[in-house]
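Commentary on secondary and tertiary structure
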Amino acid sequence: MANKYGIVFLLIIAFAASAARATNETQFAIKDSRKDANGVTLRTTAGSMRIEVCGDRVVHVVASRTPEIPSAKVPVVTQPCHANNLQVKVGKKSVQLSSAAITVTVDSETGAVSFFSKDGKLVLAEPKQGGKAFDVPSLYESKLWQTQQTFLSPDDESSYGLGQHQEGIFNVHGVPVRLQQANTNISIPFLLSSKGYGILWNNPSLTDYDPADQSISIDPTTGKGRFTTGAKGAYGFLMTSDNREQLELEVNGQHVIDLHNMWTPTSASGVAELEANTEYEVSANGGPGGVQLTVRPPVDTTTFRSEVGEAIDYYFFYGPELNRVISDYRKLTGEAPLFPKWAYGYLQCRERYHSQQEILDIAAEFRKRKIPVDALIQDWQYWGKYGWNAMKFDEDHYPEPKEMLDQLHANDLHMVISIWSKFGEDTDVYKKMAAHSFLIPGTPWTDFFNPAAQTEFWAELNKGIFQDGMDGWWMDASEPEGDILHGKQTFLGDGDSLRNAYPLYVTKAIYEGQRATTGKKRVVILTRSAFAGQQRNAAASWSGDISANWITLRRQIPAGLSFSMSGLPYWTTDIGGFFRPADQYTSDAYHELLVRWFEYGAFCPLFRVHGYKSNAEIWNYGAQVGDILTQYDELRYRLLPYIYSDAWGVTNRGETLMRALPLEFSSDTGVRGISDQFMFGSALLVNPVTTEGAKQRTVYLPAENSWIDFWTGKRVAGGQNVMAEAPLERIPIYVRAGSIIPFGQRVEWSASNPDPIDLRIYTGANADFTLYEDEGDNYNYERGANSVIPLRWDDKTETLTIGDRHGSFPGMREHRTFHVVVVRDGHGIGTASSSDADATIEYDGKTTSVRVSPRS
């Protein structure tokens, strides 16, 4: 028997939705319009609407119940909209705006908005009635959520993004997702669609994507409940609890939600294919406060619903190439600055280093063993007797911080340090911040929404740590931890209206503070949370305090890809897991997991190991493990010319370093559900091994190209699944035909820049690559102090052309030796240096070409 409360609630929702639809039929009817160069402002029967076009492919839509269009409280978008030759036609039935790439129509009777491509194909549309709604009934917290926007969404559509979540779900189409910041859960209201568009939902409050509005009553004693389906199809579940260790849901014995960790978010999502008109038993396991469970039936719509908001506010981005959508998103919200070159090397972290001497000893051991590394990361509690996050070292354990940093720098090493947004009440900095009302009322957390608090936070950080030579910031718990904005007042007003935006302001304080202090050192921020636009603050994120097990490793891949598809390019995990087993140094089972995680981590945008109560250095896990980890560490450094050049593409062209296959191959329907493979840069198809004991894995090779096995040089046709060999020491990697990869010499730190550079040519199509170089760690590149060398392979004539070098910078190597290696079966493979190049080019900055006849 169906749960009677669920049925009653469905009737309430149905009535409310019907009422909303009836209201919306007249509520947004257009009364008059005012055109301008960038769009049109519409006065409606309910208030007002604004449609403006940004460039040719982006549209900003705002609908308000007030006569005036309110400004966004949080400046996610930093660039104003400027249309290019916009045409606006006002007719009796609709208002139409046309650019060179898209057409937007607004229905005169309902205010429903539709988006069309240049050739008239419908890309996205609101339903004719009920697409926009205010004061919508909700089951969570507030009884009425203030804003809601619904679009039609066919069942063959795939949707991606929304930040980083831990359930392992990649395609979020029809899946209810609660956007709320938490440890391991990063909420970014940006969505990409397989239909070639993106949506930025411009609201920083608590938001439900594709809300689940049918309640399922759970018996608090047994944890069980029942519900009855309607139509056959995919049912989305949203589970909410106060538990921090597990969130579990079974539907008729099938695991639908299965989160186990020391920390879990307060909500989790799941999806199950269910039969029509069938009663199902559910079993839910959460925390001592009980479980709230809701379900969303199969509906061909996409909805954003926010708890707080003055207006419906979103940006529509049209590609149709999804890489272009990401690039346009960054143009409006801010480009990602280039990290210093060292940040793309190996970052050694653990919980924790205990003293200055321990750090220097570890640094010396890396150099003694000749293991490549660029930075050591200091975790918490270095403040010692001065109290939590005192923003200074306890000299009992760190007697000379400046001398320590000087010694590290002298050995081509850098240091990153953990900092927090909250302070111990016994610290001097807490007392100063509290005296100036720079804290969230009733909490020890900084009110970063206050510009003066941002300034003071940086001033204390600069005085206590940065001025001694610190290189980077590990900004912990930036959600902020514990959802402390809920029910609080901030400098910008109601904390609930800003609930997801805190990390944007945290990173802003550090980025702008350091940039104002010096331009000689690039900002590096690693932070546990993120919001839309945060890439402009030189901020990367990691996936939080996760556990060391195979399912968690497996889920990091879609988590990271979803983060990258949300428009933010820099992300990593705690390689090896944060919570590790007690026998981590001797356990063969853990060693296999660590090796596979490290292999994957070597191809993440940032390459960083970490572990709780762990001596996580490479040499502590035995000779075999140490050899494999060192091999991948060395491979990362040999790929640095490729990685750093592609990182310039992130900064200069809005590209993405870790590219999900639907992002890169949007026309190949075979990739839409693949969440465990990705492109690293423009050429490398990376296929992590996430199954215990596996010696092979299935790899899908996208149809657009043929592919070359990185380890063997063998060519394989695209558009098929292959079984790739994967012994413990090998992660399957394939290279796209028509690629050039600059492959450097073995080095121990990123600042090394030796000749020669191997240019590996993967034939089968024409290839282009831009080799980028600069000083490595200052902002002179923003003023043109850099160099780019264009490389082109003509596949038909078997000719490599190295074009004129453009630009220069202090310390630039004027002369370069390039070894040209045409990769083929057994030649130019793996990590081997090319002792037998197919050609050698001595390059002095001027165009030169060489015809390469590969030796058999």
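Now for a quick tour of the structure. (Residues numbered from 1 in each chain as written. Predicted model: local features only at pLDDT ≥ 70, side-chain atom pairs only at ≥ 80, totals over all residues. Heavy atoms only, no water.)

**Some remarks on the sheet that holds strand β46 (residues 757-762)**
Here four strands make up an open sheet; going across it, the order is β45-β46-β50-β51 and the pairing mixed. With partners counted over all chains shown, the strands left at the sheet margins are β45 (739-743) and β51 (839-843), one partner each. Within the sheet, the average angular offset between the axes of one strand and its neighbour, ignoring direction, is 25°. Pairing between strand β50 (residues 816-822) and β51: five bridges, direction antiparallel. What sits directly across from His819, in β51, is Thr840. (Pairing = 2+ DSSP bridges. Helix = DSSP H or I, 4+ residues; strand = E, 2+ residues; numbered from the N terminus. Axes fitted to C-alpha atoms, helices over the stretch in contact; angles between N-to-C directions.)

**Re the sheet that holds strand β7 (residues 102-107)**
The sheet built from five strands is open, its strands ordered β5-β6-β7-β8-β9 with antiparallel pairing. The open sheet terminates on both sides in strands that have one partner only, identified here as β5 (87-90) and β9 (122-125). Strand-to-strand twist in this sheet, taken as the mean axis angle between neighbours without regard to direction, amounts to 15°. Of the pairings in the sheet, the one linking strand β8 (residues 113-117) to β9 comprises three bridges and is antiparallel in character. The residue bridging Phe116 from the neighbouring strand is Leu122, located in β9.

**Regarding unusual backbone geometry**
Look at the link from Glu351 to Arg352: it is a cis peptide, with omega at 0°. With respect to the secondary-structure elements, Arg352 resides in the loop between β27 (346-349) and α3 (356-369). That bond from Asp755 to Pro756 is cis: its omega, -10°, falls within 30 degrees of zero. Secondary-structure assignment places Pro756 in the loop between β45 and β46. Positive phi outside glycine occurs at Asn277, with the angle close to 50°. Mapped onto the secondary structure, Asn277 falls in the loop between β22 (267-274) and β23 (279-285).

**A short note on the nonpolar core**
Counting 188 residues, the largest nonpolar core has Trp473, Phe603, Leu684 and Leu800 as the members making the most contacts within it. The contact partners of Phe603, leaving out residues within four places of it in the chain, are Tyr632, Leu635, Arg636, Leu639, Met658, Phe678, Phe680, Leu684, Val686, Ile731 and Ile733. Residues Ile30, Leu42, Ile51 and Ala63 belong to the second largest nonpolar core, which totals 40 residues. (Core = buried A, V, L, I, M, F, W, Y, C linked by side-chain atoms within 4.5 Å. Buried < 20%, exposed > 50% of the residue type's maximum accessible area, 1.4 Å probe, protein only. Contact = heavy atoms within 4.5 Å.)

**Section: the pattern of salt bridges**
For the coordinates displayed, the defined rule picks out 52 salt bridges. For Asp156, the salt bridge goes to Lys195, with nearest N and O atoms at 3.2 Å. On the criterion of sequence distance, the pair formed by Asp156 in the loop between β11 (144-152) and β12 (159-164) and Lys195 in the loop between β14 (186-193) and β15 (197-201) is long-range, its members being 39 residues apart. You can call Asp156 partly exposed: its relative accessible area is 44%. Residue classification places Lys195 among the partly exposed residues on the basis of a relative accessible area of 33%. The closest approach of N and O atoms between Glu307 and Arg499, which form a salt bridge, is 3.3 Å. Placement of the pair is Glu307 in the loop between β25 (301-306) and β26 (311-318) and Arg499 in the loop between β32 (493-494) and α7 (502-517), with a sequence separation of 192 residues. (Salt bridge = Lys/Arg side-chain N within 4 Å of Asp/Glu carboxyl O.)

**Thoughts on the pairing of strand β44 (residues 733-736)**
Here β44 shows a buried face lined by Ile733 and Val735 and a second buried face lined by Tyr734 and Arg736. One ladder, built from three bridges, connects strand β39 (residues 684-686) with β44; its direction is antiparallel. When the sheet's bridge partners are listed, Val686 is paired in β44 with Ile733. Relative to β44, strand β41 (residues 707-709) runs antiparallel, the two being bridged by three bridges. Each bridged residue has a counterpart across the sheet, and for Trp707 the counterpart in β44 is Arg736.

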